[in-house]
Every structure is written in C-alpha cells, then in structure tokens.
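# Residue-level structural notes
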Amino acid sequence: MSPAPPVRPAGARRIRPVRLGPRSVGALALVSAVGVVAFGWPLIASGDSGLGAHAQDAPWLFAALLPLLLAVVVATIADVGLDAKAIAMLGVLAAAGAALRPLGAGTAGIEPMFFLMVLSGRVLGPGFGFVLGAVSMFASALLTGGVGPWMPFQMLSMGWVCMGAGLLPGAETLRGRGELWLLAAYGAVSSVLYGTVMNLQGWPYLGGLATGVSFVPGDPVGENLARFVAYCLATSLGWDLPRAVVTVLLSLALGPAVLKALRRATRRAAFEAQVTFEGPKP
C-alpha cells in the first residue's frame, strides 16, 4: 500500500494574488484611458487651443477620478468576493505608504514609499494594487499638505506603478532571490518612469521659457517629445535616479520580510478563499 501524501501545513499553502475579473479589467481600462488622455492631450492639441487656460482643470479630472477608483474597488470585490478584513488591510497599507512618503520629502528625490507600493502591488494583484497606489498618494497629500492640481496625476501614476507590479510574471511560482531581483528591477524602472510621467503633467504649462526644452503648442509631436526628453534629462533625472536606487536597496534588504508579512496577512484576510456552509454537526 502506497504511503499517504504529505500534508501541507496551513502556513505553507500557496498564496495567490487577487485576480482580475471582467469587471475589474473594464474598470481599470476606463480609468487608465482617462489617465492617458489627461497626461497626453497637450501633445496633440493645436497651437490655438488655449492650452494655458486649461492649466487649472485638474480638479475636474480629480472629480472624475474618484468615482472611477470606486468603480475599480467595487468591480474587484464583485469579481473576487473580498471581505472586510481585506479592505482593512488595504487601508493599513495605504496609511503606511502615506507615512513613508514624508521621510524623504525634499531630499534628492528619495521616496521610501515606492518599495512598499511595489511589493504590495505584487502580493495584492493589479486591481487592488492600482487602488492602493492611488489612495496612498491621496492620503500622503492630505498628510503633507501637498494638495494641488498635480494630485490626481500623482494618484494615477502611482496606481499604474502598483498595477504593473501586480502584472509581473511568476506571481504564484517565483519566490526567493529571483523574485526579489525582479521586483527590484521593476522598482528601479517604475521609479524613473513615474518621474517622467509626472514631468509630462507639468511641462506643457511652463509658459514663458524661451529655451530649447520648452513645450511649443502646435509643433509636431516628435519635436515636442525631443524637447521633453531634453527637459527630463536637464531637470528631473537627478531626482529619479536616487529614487530608483533607494527602491532597489530597500526591496533587496527588506523584501523577504515584507513579502512574507504581506502574504501572511493576505491569507488571513481570506483573499480568494472559498466560502462553504456546513450544516450543524450531530
């Protein structure tokens, strides 16, 4: 008689990130489309479109973004069936991210919150990861007094960072050093891309700069993009690279402990748990 298969301990069972269902995909696609248009429309606007007059229209984008974020949350819950513990964990992580951000504010672009957002997005999955990134930036803006026209753009950008971490390959199988290096590399790239995208938000409205890196409304997209690359290299690269280095170092140093804690909390929050009802025992 063959021996019975070994019993897997409860703490060692495989943890799966929150999967994207059709509702979540639709909600994320909609909010991402709004973000792409919000960031990129100045590049294709005509020269007589009165671009400068729309520099303060971000509050309207913010007003449109909030119900879309709520739609992502509702769609994710409907697809996966998360309970109150999972929502509470999302709030705790958002508060932790908001608290980490001021630690490096004003210091050469050092922002320790990025590594936590990347690791959390990896564990929580793209849907809740997107919401976590957006809510964390919203909370940090309230905490630091950084509320302004740039805030909805920061929320979108950080949401994309966390969502991308949730879409990385090997979510269920890749563990150990290979996963850490994957997350560290992604954290470095996303840190630079975050700064680049945020530059795109403000660069078209910096009027009066008669330089070779200024935005020229109505010029061909290729010429404006060349100026934009020069603008990023001249102004923000010194902030983006330190952010990337700090994210890599923290991911490699603290990643094993943080990932283990996040996966344990995810399991206890019943992510993707199957609910069964049993009758009374005799």
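In the block above lies the structure referred to throughout.
Residues numbered from 1 in each chain as written. Predicted model: local features only at pLDDT ≥ 70, side-chain atom pairs only at ≥ 80, totals over all residues. Heavy atoms only, no water.

Time to look at the packing of aromatic side chains. Applying the stated criterion across every chain yields a total of 5 aromatic pairs. Taking the centre distance of 5.2 Å and the plane angle of 50° together, the rings of Trp 203 and Phe 228 count as tilted. Placement of the pair is Trp 203 in the loop between α7 (177–202) and α8 (221–235) and Phe 228 in helix α8, with a sequence separation of 25 residues. In this structure Phe 228 comes out as buried when scored by relative accessible area, which is 8%. An aromatic cluster is defined as three or more aromatic residues linked by ring pairs; in this entry it consists of Phe 39, Phe 153 and Trp 160. (Phe/Tyr/Trp six-rings, centres within 6.5 Å; stacked < 30°, edge-to-face > 60°. Helix = DSSP H or I, 4+ residues; strand = E, 2+ residues; numbered from the N terminus. Buried < 20%, exposed > 50% of the residue type's maximum accessible area, 1.4 Å probe, protein only.)

Attention now goes to the nonpolar core. Residues Met 117, Leu 119, Leu 124, Leu 132, Met 158, Tyr 194 and Trp 203 are the most contacted members of the largest nonpolar core, which totals 50 residues. For this core, the elements supplying multiple residues, two or more each, are α1 (22–44), α3 (84–100), α4 (113–124), α5 (126–144), α6 (151–166), α7, α8 and α9 (237–268). (Core = buried A, V, L, I, M, F, W, Y, C linked by side-chain atoms within 4.5 Å.)

Before going further, it helps to spend a moment on the environment of Gly 97. Among the secondary structure elements, Gly 97 is positioned in helix α3. Overall, the relative accessible area of 0% leaves Gly 97 in the buried class. It is 5.2 Å that separates the C-alpha atoms of Gly 97 and Met 113, two residues lying 16 residues apart in sequence. In this structure, Gly 97 is in contact with Met 113, Leu 116 and Met 117, ignoring residues within four places of it in sequence. (Contact = heavy atoms within 4.5 Å.)

Inspection of every chain in the model, using the stated rule, returns 6 salt bridges. Among the salt bridges present, the one from Glu 111 reaches Arg 243, with a minimum N-O distance of 3.1 Å. Separated by 132 residues along the polypeptide, Glu 111 in the loop between α3 and α4 and Arg 243 in helix α9 bring together distant segments of the chain. Glu 111 gets classed as buried once you look at its relative accessible area, which sits at 12%. Of the charged contacts in the structure, one is a salt bridge between Glu 179 and Arg 175, with a shortest N-O distance of 3.8 Å. The partly exposed category is assigned to Arg 175, whose relative accessible area is 31%. Each of Arg 122, Arg 175, Glu 179 and Arg 263 takes part in salt bridges that share partners, so that together they form one network. (Salt bridge = Lys/Arg side-chain N within 4 Å of Asp/Glu carboxyl O.)

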